[in-house]
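Below are the chains, spelled out letter by letter.
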Amino acid sequence: MTKDYGLILYKYMQNGSLNNTLHEISPPPVLPWDVRYNVALGTAEGLTYLHQDCYPAIVHRDIKPNNILLDSDMEAHISDFGIAKLMDQSSASIQSISIAGTTGYIAPENAFSTIMKPESDVYSYGVVLLELLTRKKAVDTSFPEGTDIVRWVNSTWINDQSIENILDSSILDKIRGSRSLTEEVTKVLLLALQFSSNLDISPDKPVRKPMSVARHLRLNATFGDQNRPYANVVVENNPQLQLLNP
């Protein structure tokens, strides 16, 4: 160790990343709906912490399953703040010198712009929700050429108006026969499509308000602790947060 180098220590996350759990482990581990919902809620709480409880607010800029870590209780922890930015206290957006993020998770309005807002994180979170629901990758080989998960789910939903051909079959098998769970999963799917909507198409509609993410999920739940306080699901004492430059 020298003065020019540092060492970042994280708490051990027994279940690795959400990406590994969803897509890499073979055979795929069983992920009941309540576990997926809690991962979704925990990630939403993390974004709420970054966008609302931090001052100035922080835009993560790379929300994706690889950067969501799962502890021994399958609680979600947002990690990797390498390209995160502090919001300018006098502005609702930040200017970057380059386009940041990962293909499949970058909001459409940022594809040709270096201006980032909290809404950009909400778009990425919407994509993560779709992955939790479908167990497909953001850019999956099963999709037609040039199609990502947002376009595929939108197209399938518009054509069928049904979750049958969208959901991971293991969820579908478990919720069949339960009207309340079917309604809940459908509501979360519609929220995911709302969060991953194209602001260029409907710029005046408040479809991606960061403050509403965790609240929306809580209102749509039929189980769990509705009064659960916001958890600091960002990896604690993350030295990268102290190194952010506006």
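See the structure above.
Note that the coordinates shown come from a computational prediction; the quantities given were computed from them, not determined experimentally. Here the residue numbers are simple positions, counted from 1 along each chain's written sequence. Restriction of local features to residues with pLDDT of at least 70 applies here, the model being predicted, together with a cutoff of 80 or more for giving and counting side-chain atom pairs; totals for whole chains, interfaces and linings are based on all residues. The side-chain figures draw on all heavy atoms in the structure; neither hydrogens nor water molecules are used.

**A word on the overall build of the protein**
Working step 1: Only runs of H or I of at least four residues qualify as helices and only runs of E of at least two qualify as strands under DSSP, and these elements are numbered from the N terminus. Helix and strand content of the protein: eight helices and six strands.
Working step 2: Start at the N end of the protein and walk to the C end: the helices and strands fall as α-α-β-β-β-β-β-β-α-α-α-α-α-α.
Working step 3: Burial classification: accessible surface area is computed with a 1.4 Å probe over protein chains only, and a residue below 20% of its type maximum counts as buried, one above 50% as exposed, and the rest as partly exposed. A total of 246 residues make up the protein; the buried ones form 50% of that total.
Working step 4: In what follows, residue pairs with any heavy atoms lying within 4.5 Å of each other are defined as contacts. For the protein, the proportion of contacts with a sequence separation of at least 24, taken over those separated by at least 6, is 66%.
Working step 5: Taken as a whole, the protein presents about 12,800 Å² of accessible surface, with 51% of it coming from carbon and sulfur. For every accessible area listed, the method is Shrake-Rupley and the probe measures 1.4 Å; residues are considered covered only by the protein chains on display.

**Description of the packing of aromatic side chains**
Working step 1: Any Phe, Tyr or Trp ring, taking Trp's six-membered ring, that has another such ring centre within 6.5 Å forms a pair; planes under 30 degrees apart are called stacked, those over 60 apart edge-to-face, and the others tilted. Using the criterion set out here, one finds three aromatic pairs in the structure.
Working step 2: Residues Tyr 125 and Phe 195 carry aromatic rings whose centres are separated by 6.0 Å and whose planes lie at 45° to one another, so their mutual orientation is tilted. Of this pair, Tyr 125 sits in helix α3 (residues 118-134) while Phe 195 sits in helix α6 (residues 179-195); the two residues are 70 residues apart in sequence, bridging distant segments of the chain.
Working step 3: Phe 195 sits in the buried class, given a relative accessible area of 0%.
Working step 4: Note that Lys 136 overlies the ring of Trp 152, its terminal NZ or CZ placed 5.4 Å from the centroid. Note on geometry: a ring has a charge over it if NZ (lysine) or CZ (arginine) is within 6 Å of the ring centre and within 35 degrees of the ring normal.

**Re helix α4 (residues 149-160)**
Working step 1: Here α4 contains 12 residues, and its C-alpha end-to-end distance of 16 Å stays within 8% of the 16 Å for a straight helix at 1.5 Å per residue.
Working step 2: Residues of α4 that are buried: Ile 149, Val 150, Trp 152, Val 153, Thr 156 and Trp 157. Along the axis of α4, the buried residues cluster in a sector spanning 165°; they form a single face. For α4, the exposed residues set more than 90 degrees away from the buried face come down to Arg 151, Ile 158 and Asn 159.
Working step 3: Buried residues along α4 sit against α3 and α6.
Working step 4: Where α4 ends, the next residue or the one after it, Gln 161, has phi of about 50°, a positive value. By definition here, a helix of n residues has an expected span of 1.5 Å times n minus one. The directions considered for the arc are those from the helix axis to the C-beta atoms.

**A look at the packing of α4 against α6**
Working step 1: The contact between α4 and α6 brings their axes to 11 Å, and the two run at 125°. By the criterion of interaxial angle, the relationship of α4 to α6 is oblique. As for how α4 packs across α6, the hand of that crossing is left-handed. Listed contacts from α6 to Val 153, Asn 154 and Trp 157 of α4 are Thr 186, Leu 189, Leu 190 and Leu 193.
Working step 2: Here the term charged refers only to Asp, Glu, Lys and Arg, the term nonpolar to Ala, Val, Leu, Ile, Met, Phe, Trp, Tyr, Cys and Pro, and the term polar to all other amino acids, Gly among them. In terms of residue class, the contact of α4 with α6 is made up of five nonpolar, two polar and no charged. Between N-to-C directions, angles span 0 to 180 degrees; the directions come from axes that are lines fitted to C-alpha atoms, helices contributing only their stretch in contact. The cut-offs work like this: below 35 degrees is roughly parallel, past 145 is roughly antiparallel, 65 to 115 is roughly perpendicular, and the gaps in between are oblique. We call a crossing left-handed when the near helix sits turned anticlockwise from the far one by less than a right angle, and right-handed when that turn is clockwise.

**Concerning the side chain of Asn 67**
Working step 1: Position of Asn 67 among the secondary structure elements: in the loop between β1 (58-59) and β2 (68-70).
Working step 2: Identification of polar contacts relies on pairs of N or O atoms within 3.5 Å, with a donor-acceptor requirement for protein atoms, meaning one able to donate a hydrogen and the other able to accept it, and with residues adjacent in sequence counted only if both atoms are side-chain atoms. Only 2.8 Å separates the side chain of Asn 67 from the backbone oxygen of Asp 62, close enough to count as a polar contact.
Working step 3: Once residues lying within four places of it in the same chain are set aside, the contact partners of Asn 67 are His 60, Asp 62, His 77, Ile 78, Ser 79 and Asp 80.

**Here's the deal with the packing of α3 against α4**
Working step 1: Two numbers describe how α3 lies on α4: the axes approach to 10 Å, and their chain directions differ by 65°. Every pair of crossing elements has a handedness; the one defined by α3 and α4 is left-handed. On the side of α3, the interface is formed by Tyr 123, Val 127, Leu 130, Glu 131 and Thr 134, while α4 contributes Ile 149, Val 150, Trp 152 and Val 153.
Working step 2: Classifying every residue of the contact of α3 with α4 gives seven nonpolar, one polar and one charged.

**Side note on the environment of Val 122**
Working step 1: Topologically, Val 122 is positioned in helix α3.
Working step 2: Here Val 122 falls in the buried class, since its relative accessible area comes to 1%.

**Remarks on the environment of Leu 191**
Working step 1: With respect to the element layout, Leu 191 can be found in helix α6.
Working step 2: Classification of Leu 191 by relative accessible area gives buried; the value is 6%.

**A closer look at the pattern of salt bridges**
Working step 1: One side-chain nitrogen of Lys or Arg within 4 Å of one carboxyl oxygen of Asp or Glu is enough to make a salt bridge. All told, the structure shown has six salt bridges when counted by the stated rule.
Working step 2: Note that Lys 137 is salt-bridged to Glu 24, the shortest N-O span being 3.7 Å. Within this pair, whereas Lys 137 is found in the loop between α3 and α4, its partner Glu 24 is found in helix α1 (residues 18-24), the two being separated by 113 residues in sequence.
Working step 3: Given the relative accessible area of 35%, Lys 137 is considered partly exposed.
Working step 4: With a relative accessible area of 44%, Glu 24 lands in the partly exposed category.
Working step 5: The residue Asp 62 makes a salt bridge to Lys 64 at a minimum N-O spacing of 3.6 Å. An identical accessibility class is assigned to Asp 62 and Lys 64; each is buried.
Working step 6: Connected via shared salt-bridge partners are Glu 164, Asp 173 and Arg 176.

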